[in-house]
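# Examination of the molecular architecture
For reference, the chains in residue letters:
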Amino acid sequence: MMNWCAAPFQSGRDPQGLISLRVKDLLSRMTLAEKLGQITLVEKNSISKKDITARFIGGLLSGGGGYPLPNTPASWAEMVNSFQEQALRARLGIPLLYGVDAVHGHAAVWGATVFPHNIGLGAARNPELVQLIGTATAEEMVATGIYWNYAPVVAVPQDIRWGRTYEGFSEDPHLVAALAVAYVKGLQGEEFAGRTAVLATPKHFVGDGATAWGSSTTEFQGQRYALDQGDARLDEAALRAVHLLPYRAAIEAGALCIMVSLSSFNGLKMHAHKHLLTEILKRELGFRGFLVSDWEGIDPISSDYYDAIVIAINAGLDMVMVPCDYQRFLDGLTRAVERGDVPIGRIDDAVSRVLTVKFQLGLFEHPFANDALLPSIGSAEHRALAREAVRQSLVLLKNDRALPIPKDIPLLLIAGAAANDIGLQCGGWTIEWQGKVGDITPGITILDGIRATVHNPSVVRFDPEGQFADIPAGGAEVGIAVVGEMPYAEGFGDRADLALSPQDREVIARVRAKCKKLVVILISGRPMIITDLLPQVDAFVAAWLPGTEGQGVADVLFGDYPFTGRLPYTWPRSMDQLPFDSLRRKLTGPGEPLFPFGFGLTT
Ligand code: BGC
């Protein structure tokens, strides 16, 4: 038998068509069990290690918060390598694909560089920057043995009440497409050449950003979702013009894996949507990679799990994220093939797609972590890139001669818990699935950055609640209030009301009384309702979720760099203007927005 791991291999380009020959040959040697294992994707805490070998499992993943203990880069590498060893022990020695949601850097890893979430990159509008971020993220991933990133999100969010708004670059499909292309190229490199490339996964196909408020039926850990996993109600022409557009671009840029959405399109679950998955994506758009399901994505198709499996695979799904009960899935799929409910040709097609990508990635040649890259995790170079991304992502909404702040300012008051909290400025998908406040990973808070920027003998006073009892009214030249949203991710972040919290409003009022010029910095995953607040504020900065490099905020506040960011989403005046209609490019409710798409002052 051929030893596929030792076979001479040419990663990336395949001018002689060697990969398709290898795939055909390998497929011809595979038993049904080996084939079905290859298209099964399991969450790493749910797998019994020996089953990776015994059931020929093709993929494993760390879901949100799926880090090893201790959460260090070295233990990530060790964990993933040990799963890989297990897979290579199987008869054919086909390597595992291990996946993770490195959606703003390899952010589940303690010490990794955390870049601004995509909303900030949408504000920066700089494809070269996004490509560099993709490359840096890939390097940090490969150092831990992970060659598969569930990113980028290429949703075109229509309703900023959606808790995944910040994962999307913009409400404008063309901007999403341009940045998605850059991100895919950054992650994958030149057709996976070299040892730093990872597989990108544009997601979630399709229309995840178009769901109607209240249409979700998902309930998880006591949380009823409102938009997430809901129903997109629009006609196919609108779906194509807005939501399909970034996929077309990503496929042209070389995307070889696409994740299917947990949402529905006009009442039919996307995981069951043969027309969109097979007829449009695979046939019409010519997608040659593999389609992966989302978390338990086939379960809601039918109350009968057997039917759900049959429908999903026949609809065009190629690899299924089971993720906790692979036995049930494998048993059901085996039966479905034996009975002829799922044709073996469909299985062979799915397995061939997965194997082709594994060959293209070079996984047979280098299945393990690239230790040489371990120092790249959180390196000075990557942090400098993230800091530059922060600078470019800031959007200045108002400036009444308050910015830039002179570095020799005698007294600067800083208020708001968000000024000094790494977890808060990173948001969701950072260490934990939903993110977490506090000192969760090394980084520079906005306050650290400000302190490092002012000149001696400036005095910087910080109080999270804005209590400066000893300062007389108007006693400071400038005050800065940093306010915003607590971390959240999918489902839990769906919010009916995007007003600032009463606590944040109090903080702002307290600092307002003590300073001549008040600057408000908003840390949030989306625009919030600030209409009545704006007249009381001298300068207002939308900083989104900047990540670990808070120094980038100070760089711009104090004038070392200009404000250049522009709004990637229309900023509403009131909640009743929502949602946005991406086809007609306007808010659906009455009146003009507070700030239009593309707004941003420069300094
Ligand atoms: C999310 C996906 C993610 C997956 C794996 C799901 O809940 O919808 O975006 O890739 O989990 O963590």
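Residues numbered from 1 in each chain as written. Predicted model: local features only at pLDDT ≥ 70, side-chain atom pairs only at ≥ 80, totals over all residues. Heavy atoms only, no water.

## What about the site of the ligand?
- By nearness alone, every residue bordering the ligand is listed as Leu61, Gly63, Gly64, Asp101, Tyr150, Arg164, Lys203, His204, Met259, Asp294, Trp295 and Glu490.
- Within the side chain of aspartate 101, a nitrogen or oxygen atom sits 2.5 Å from an oxygen atom of the ligand.
- Contact between the ligand and histidine 204: an oxygen atom at 2.7 Å from a side-chain N or O atom of the residue.
- Against a free-state accessible area of 310 Å², the protein chains account for coverage of 95% of the ligand.
- Split into classes, the residues belonging to the shell around the ligand amount to four nonpolar, three polar and five charged. (Near = heavy atom within 4 Å. Polar contact = N/O pair within 3.5 Å; in protein donor to acceptor, adjacent residues only side chain to side chain. Areas by Shrake-Rupley, 256 points an atom, 1.4 Å probe, with all protein chains shown as cover. Nonpolar A, V, L, I, M, F, W, Y, C, P; charged D, E, K, R; others polar.)

## Quick notes on the sheet that holds strand S11 (residues 268–269)
- The strand order across the open sheet formed by three strands is S8-S10-S11, and the pairing between neighbours is mixed. Unpaired on one side and paired on the other, strand S8 (231–232) and S11 mark the two borders of the sheet.
- Examined bridge by bridge, strand S10 (residues 264–265) and S11 share two bridges and lie antiparallel to one another. Its bridge partner being in S11, phenylalanine 265 is matched across the sheet by leucine 268. (Pairing = 2+ DSSP bridges. Helix = DSSP H or I, 4+ residues; strand = E, 2+ residues; numbered from the N terminus.)

## Remarks on the nonpolar core
- By size, the foremost hydrophobic cluster in this structure holds 208 residues, and its most contacted members are Ile480 and Leu557.
- In terms of domain composition, this core takes at least three residues from each of domain 1 (36–369) and domain 2 (382–587).
- Sequence-distant contacts of isoleucine 480, that is, excluding residues within four places in its chain, are made with Ile405, Leu412, Leu413, Ile414, Ala415, Ile450, Val511, Val519, Ile521 and Leu557.
- If you look at the next biggest cluster of nonpolar residues, it comprises six residues, including Ala107, Val114, Ile431 and Ile440. (Core = buried A, V, L, I, M, F, W, Y, C linked by side-chain atoms within 4.5 Å. Buried < 20%, exposed > 50% of the residue type's maximum accessible area, 1.4 Å probe, protein only. Domains from an automatic or database assignment. Contact = heavy atoms within 4.5 Å.)

## So, the environment of phenylalanine 492
- Turning to its location among the elements, phenylalanine 492 is positioned in the loop between strand S17 (476–484) and helix H16 (502–514).
- Phenylalanine 492 sits in the partly exposed class, given a relative accessible area of 25%.
- Expressed as a C-alpha distance, the spacing of phenylalanine 492 and phenylalanine 597, which sit 105 residues apart in the sequence, is 26 Å.
- The contact partners of phenylalanine 492, leaving out residues within four places of it in the chain, are Phe220, Gln221, Gln223, Tyr225, Trp433 and Gln434.

## Focus: the state of the cysteines
- A complete count under the given rule lists zero disulfides for this structure.
- Here cysteine 324 stays free of any disulfide, with the sulfur of cysteine 257 as its closest cysteine sulfur at 19 Å. (Disulfide = S-S within 2.5 Å.)

## Concerning the domain arrangement of the protein chain
- Split into domains, the protein chain comes out as domain 1 (36–369) and domain 2 (382–587).
- For domain 1 versus domain 2, the distance between C-alpha centres works out to 32 Å.
- Taken residue by residue, the interface counts 63 residues in domain 1 and 55 residues in domain 2.
- Buried area between domain 1 and domain 2, summed over both chains or domains, comes out near 4800 Å², and the portion from carbon and sulfur atoms is 60%.
- Taken as a group, Ile160, Arg161 and Glu171 account for 16% of the area that domain 1 buries against domain 2, more than any other trio of residues on that side.
- Linking domain 1 to domain 2 there are two salt bridges.
- The residue glutamate 490 makes a salt bridge to arginine 164 at a minimum N-O spacing of 3.4 Å. (Buried area = accessible area lost by both parts, 1.4 Å probe. Salt bridge = Lys/Arg side-chain N within 4 Å of Asp/Glu carboxyl O.)

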